[in-house]
Amino acid sequence: MGDRLEDLQRRALRMGPEGFCAQHPNPFLIRLDERGGRDEPVPWAFKTPPRGPQGTQQRIIAPAAGPAAHVYELIKSSGKGARDTITVGRTDDNDVVIAEMSISRTHASLKTGSPTNWVLVDGGSSNGTRLNGIRVSAGEPTLLSSGDVISFGDVGVLLLFPATLWEQLEQLVCG
């Protein structure tokens, strides 16, 4: 399981932006709904939505779990796959483990060429992978941006690069 958003916020604010980005160079996934993607969200939002491509404002994301939402740093923790590949699935041999039945054993992977160049690849999952609501083709690399919403089966996550996440954690509002 990943960290809780509120715990990450406390640690990040103690480090400051430079320390946080130096210690955490890879993007993070913030789980948007702890109950399988179908429940009503409780009040929770970032004051300033993440910026999308060309500096456009993204919509405000409202995770149902609020500050208790799980946060997963994209770091290699398993022996599965290449060093530049982070696997996502419901079994313990993945780098990011999300134990939900709508997620395949090994659902998808995220691959990097640099800290700001990441692609998403669906691994032929049963329930599919969507990027910003659009289903991605199995085996086809799809470029990712900070602020993208990825759905693995019924579970949605928000992808944020470290600098964007730190800015958002600084402004986090819980209601």
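Asks: Even after reading the chapter, I still don't get unusual backbone geometry, so can you show me in this structure?
Replies: For residues besides glycine, phi is generally negative; the peptide bonds are generally trans as well. One non-glycine residue, Asn132, lies in positive phi territory at about 50°. Positionally, Asn132 belongs in the loop between strand 9 (129–131) and strand 10 (134–135).

Asks: What's the story with the sheet that holds strand 4 (residues 70–73) in this structure? I'm lost.
Replies: Strand pairing in a sheet relies on backbone hydrogen bonds, with the paired strands running either antiparallel or parallel. Reading across the sheet, the seven strands line up as 1-4-2-13-12-9-10 and stay open at both edges, with antiparallel pairing between neighbours. The open sheet has two edge strands with one neighbour each: strand 1 (3–4) and strand 10. Pairing of strand 2 (residues 28–31) with strand 13 (residues 155–160) involves four bridges; the strand directions are antiparallel. Bridge pairing in strand 13 places Phe28 opposite Leu160. The sheet contacts of helix 2 (residues 162–170) involve strand 2 and strand 13, and relative to strand 13 the element is tilted by about 100°.

Asks: What am I meant to see in the sheet that holds strand 11 (residues 142–143) here?
Replies: Taking strand neighbours across the sheet as the criterion, the five strands line up as 6-5-7-8-11 in an open arrangement whose pairing is mixed. Both edges of this open sheet fall to strand 6 (96–97) and strand 11, since each of them pairs with a single strand only. Pairing of strand 8 (residues 117–122) with strand 11 involves two bridges; the strand directions are antiparallel. Its bridge partner lying in strand 11, Val119 is registered against Leu143.

Asks: How should I be thinking about the pattern of salt bridges in this particular structure?
Replies: Close approach of charged atoms allows side chains with opposite charge to pair. In total, this model carries five salt bridges according to the counting rule given. Here Arg10 makes a salt bridge to Asp7, at a shortest N to O gap of 2.5 Å. Residue Arg10 and its partner Asp7 are both found in helix 1 (residues 5–23); the two are separated by three residues, about one turn of the helix. Taking relative accessible area as the criterion, Asp7 reaches 28% and is therefore assigned partly exposed. For Glu100, the salt bridge goes to Arg31, with nearest N and O atoms at 2.7 Å. Of this pair, Glu100 sits in the loop between strand 6 and strand 7 (108–114) while Arg31 sits in strand 2; the two residues are 69 residues apart in sequence, bridging distant segments of the chain.

Asks: Sorry if this is basic, but what is going on with the nonpolar core here?
Replies: Here is a general trend for soluble globular proteins: nonpolar side chains tend to be buried in one another's company. The biggest cluster of nonpolar side chains holds 21 residues, and the ones touching the most others in it are Leu120, Ile150 and Phe152. At the level of elements, strand 5 (85–89), strand 7, strand 8, strand 12 (149–152) and strand 13 are the ones that each hand at least two residues to this core. Ranked by residue count, the leading element in this core is strand 13, at three residues. Setting aside its immediate chain neighbours within four residues, Phe152 contacts Leu29, Val88, Ile98, Ser102, Ile103, His107, Ala108, Leu120, Gly128, Thr129 and Val157. Listed in part, the 15 residues of the second largest apolar core include Leu8, Ala12, Phe28 and Leu160.

Asks: I would appreciate a short explanation of helix 1 in the present structure.
Replies: Think of an α-helix as 3.6 residues a turn; residues three or four steps apart then line up on the same face. Given a rise of 1.5 Å per residue, 19 residues ought to cover 27 Å, yet the end C-alpha atoms of helix 1 are separated by just 17 Å, more than 12% below that figure. Along its length, helix 1 reaches its greatest deviation from straightness, about 115°, at Gly16, and the proline Pro17 lies no more than four positions downstream. Inspection of helix 1 places Leu5, Leu8, Gln9, Ala12, Gly16 and Phe20 among the buried residues, and these make up the whole buried set.

Asks: Teacher, can you tell me more about the pairing of strand 13 here?
Replies: Within a regular strand, the side chains alternate between the two sheet faces. Among the six residues in strand 13, six count as buried, and that is most of the element. Burial along strand 13 is two-sided: the residues Val155, Val157 and Leu159 and Gly156, Leu158 and Leu160 are all buried. Where strand 12 and strand 13 come together, four bridges link them in antiparallel fashion. Paired with Val149 across the bridge in strand 13 is Leu158. Connecting strand 12 to the antiparallel partner strand 13 that follows it, the hairpin turn spans two residues, and Gly153 within it adopts a positive phi of roughly 60°.

What counts as what
- Residues numbered from 1 in each chain as written.
- Predicted model: local features only at pLDDT ≥ 70, side-chain atom pairs only at ≥ 80, totals over all residues.
- Heavy atoms only, no water.
- Helix = DSSP H or I, 4+ residues; strand = E, 2+ residues; numbered from the N terminus.
- Pairing = 2+ DSSP bridges.
- Contact = heavy atoms within 4.5 Å.
- Axes fitted to C-alpha atoms, helices over the stretch in contact; angles between N-to-C directions.
- Salt bridge = Lys/Arg side-chain N within 4 Å of Asp/Glu carboxyl O.
- Buried < 20%, exposed > 50% of the residue type's maximum accessible area, 1.4 Å probe, protein only.
- Core = buried A, V, L, I, M, F, W, Y, C linked by side-chain atoms within 4.5 Å.
- Expected span 1.5 Å × (residues − 1).
- Bend = angle between axes of the 7 residues up to and from the residue.

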